[in-house]
Amino acid sequence: MVKLFLTAALFCTGSLFAQLYVPEIPFDSAPNLLKLPEHLYLGEAVGVATNSKGNIFVYTRTGTSYVTYGTSRAFANGGARLFEFDPSGKFVREIGQNLYGFVFAHTVRIDPQDNIWVVDEGSNMIIKFNPEGRVIMTMGRKAEEMRVPAPGPAPAAAVGGGGGGGRGGASGAPLGAGAQTDVFNRPTDVAWDASGNIFVSDGYGNSRVAKFDKNGVFIKSWGSRGTEPGQFNTPHTLATDAQGNVYVGDRGNRRIQVFDNGGEFKKAYLNVGAPWAVCISPGPHQYLFSSNSNGTSDMENGEIYKMELDGKILGKFGTAGKLLKEFGSIHEIDCRNPNEILVGEITNWRVQKLTLHAIPSGTR
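Along each chain, residues carry numbers from 1 onward, in the same order as the chain's sequence is written. Selection of residues for local features in this predicted model requires a pLDDT of at least 70, selection of side-chain atom pairs for listing and counting requires 80 or more, and totals for whole chains, interfaces and linings are taken over all residues. Side-chain figures throughout are based on the complete set of non-hydrogen atoms in the structure, without hydrogens or water.

## Points about the overall build of the protein
In plain terms, the rule: Think of it this way: any DSSP run of H or I at least four residues long counts as a helix, any run of E at least two long counts as a strand, and we number them from the N terminus. Any residue under 20% of the maximum accessible area for its type is buried, any over 50% is exposed, and the rest in between are partly exposed; the area is computed with a 1.4 Å probe on protein chains only.
Across its full length, the protein carries two helices and 26 strands. In the protein, which comprises 364 residues, the proportion classed as buried is 54%.

Structure (structure tokens):
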């Protein structure tokens, strides 16, 4: 902790290291946003995103992840599903039903061309769909087999896992070694710059950010397990700004790290708790949102921060809980409209649409 504090002092200005007063942003939540058909349900709503038409995409842990056993190998079967809704919340369609790479959902993102990208922690894959819902690119590869316990009666084993430790790298590398190319180990998020270059936070097993060109060709990666600038302890979420800078939610180290487009460390923000989800709004004035989500087994924290890109906190809103306008482990934020954001929650199995209001002048 002393080392982390000294690092903070070196790499953060005083104004970013602490703000004594953070105003509360008033907000409302639309009740019963998503309307699902009969006999169709959401599970953990870990991913939520919107496209240019305002349609809502939810990547959810709905169903059962399980393992089937062959004579000498075990095979992972998925419980992740991808749903699309219109802007009013009316169900439109399911995309990729029973897809091979859908095992344990983590995030969904929509790129500027309205292509749909999902990050699946269980299959170690990033999957790109065109707006029509057809797979047009895959990154990473689902393992052909899984390590299983010693021979004996086949247990009811679950795959994936949303918040614990990690497996060793798929290439045999030690945990957190920052494996090269597109060998992912429980990846967590994806983003792009203006040139279409792809950035992947990877993740629970590898502690790195990987950069690829727009065609999915590996360029470089940076990071390893640790607490120094440029190191990570669960890079859980990331976003890019209009200049191509990369903002990484380094959840285990309770900080947001900012890098230039080539991965050079620029600064860190240590004043917004543990960033489970980050989002940067589009437009000429961009805002950074970060969720200090409560853990899946507690009701602590839960607030979302609205910030300038330089780290100045403009305000915060929300707290952990189960009621409307309360949050149950927010896992992803969509901020296409910075005054009307969507949040996907793990423990409350829902998506909320939040309308933010101006902070009263007397409380600024």
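## Thoughts on the sheet that holds strand β14 (residues 208-212)
Threshold: Here the rule is simple: two strands pair whenever DSSP picks up at least two bridges between them. Axis definition: a line fitted to C-alpha atoms, over the contacting stretch in the case of helices. Angles run 0 to 180 degrees between N-to-C directions.
With antiparallel pairing, four strands are arranged side by side in an open sheet as β12-β13-β14-β15. The two strands at the open ends of the sheet, each matched to only one other strand, are β12 (187-192) and β15 (218-222). Adjacent strand axes in the sheet meet at a mean angle of 20° when their direction is disregarded. Across five bridges, the pairing between β12 and strand β13 (residues 198-202) is antiparallel. Residue D189 lies in a different strand from β13, and its bridge partner there is S201.

## Details of the side chain of E121
Quick note on the threshold: As used in this structure description, the phrase polar contact means that two N or O atoms lie within 3.5 Å; if the pair is within protein, one of them must be able to donate a hydrogen and the other to accept it, and residues adjacent in sequence are counted only when both atoms belong to side chains.
With respect to the helices and strands, E121 occurs in the loop between β9 (116-120) and β10 (125-129). Side-chain polar atoms of E121 contact the side chain of R186, separated by 2.5 Å.

## Here's the deal with the state of the cysteines
What makes a disulfide is a covalent bond joining the sulfur atoms belonging to two cysteines. For the record, the criterion: Criterion for a disulfide: a pair of cysteine sulfur atoms within 2.5 Å.
Within this structure, the stated rule accounts for one disulfide. A sulfur-sulfur distance of 2.1 Å marks the disulfide that ties C279 to C335. Since a negative S-S torsion denotes a left-handed disulfide, the C279-C335 link at about -95° is left-handed. Here C279, found in strand β20 (residues 277-280), pairs with C335, found in strand β24 (residues 330-337); they are 56 residues apart in sequence, far enough to count as distant. The residues C279 and C335 share a single accessibility class, namely buried.

## A word on the confidence of the model for the protein
Applied cut-off: Per residue, pLDDT captures the predictor's confidence, and it can take any value from 0 to 100. By definition in these notes, contact holds between two residues if any of their heavy atoms fall within 4.5 Å.
Summing up the model confidence of the protein, the mean pLDDT is 87 and the portion of residues at 70 or higher is 80%. With pLDDT under 50 throughout, residues 13-17 is counted as low confidence; its partners more than four residues away or in other chains account for 10 contacts. Note on residues 150-178: pLDDT is under 50 here. Beyond four places in sequence and across chains, it has 63 contacts.

## Concerning the packing of aromatic side chains
Here is the rule: Aromatic contacts are taken between Phe, Tyr and Trp rings whose centres are within 6.5 Å, Trp giving its six-membered ring; a plane angle under 30 degrees counts as stacked, one over 60 as edge-to-face, and the others as tilted. The criterion is that NZ of a Lys, or CZ of an Arg, lies within 6 Å of the ring centre and within 35 degrees of the ring normal, and then a charge sits over that ring.
As enumerated under the stated definition, the model contains 12 aromatic pairs in all. Aromatic side chains F85 and F91 sit 5.8 Å apart centroid to centroid with 80° between the ring planes, which places their arrangement in the edge-to-face category. Overall, F85 belongs to the buried group, its relative accessible area being 0%. Ring centres 5.7 Å apart and planes at 70° place the aromatic pair F212 and F218 in the edge-to-face group. If you follow R186 out to its NZ or CZ, it ends over the ring of Y204, 4.4 Å from the centre. Across from the ring centre of W276, 4.3 Å away, lies the NZ or CZ of R251, which sits over that ring.

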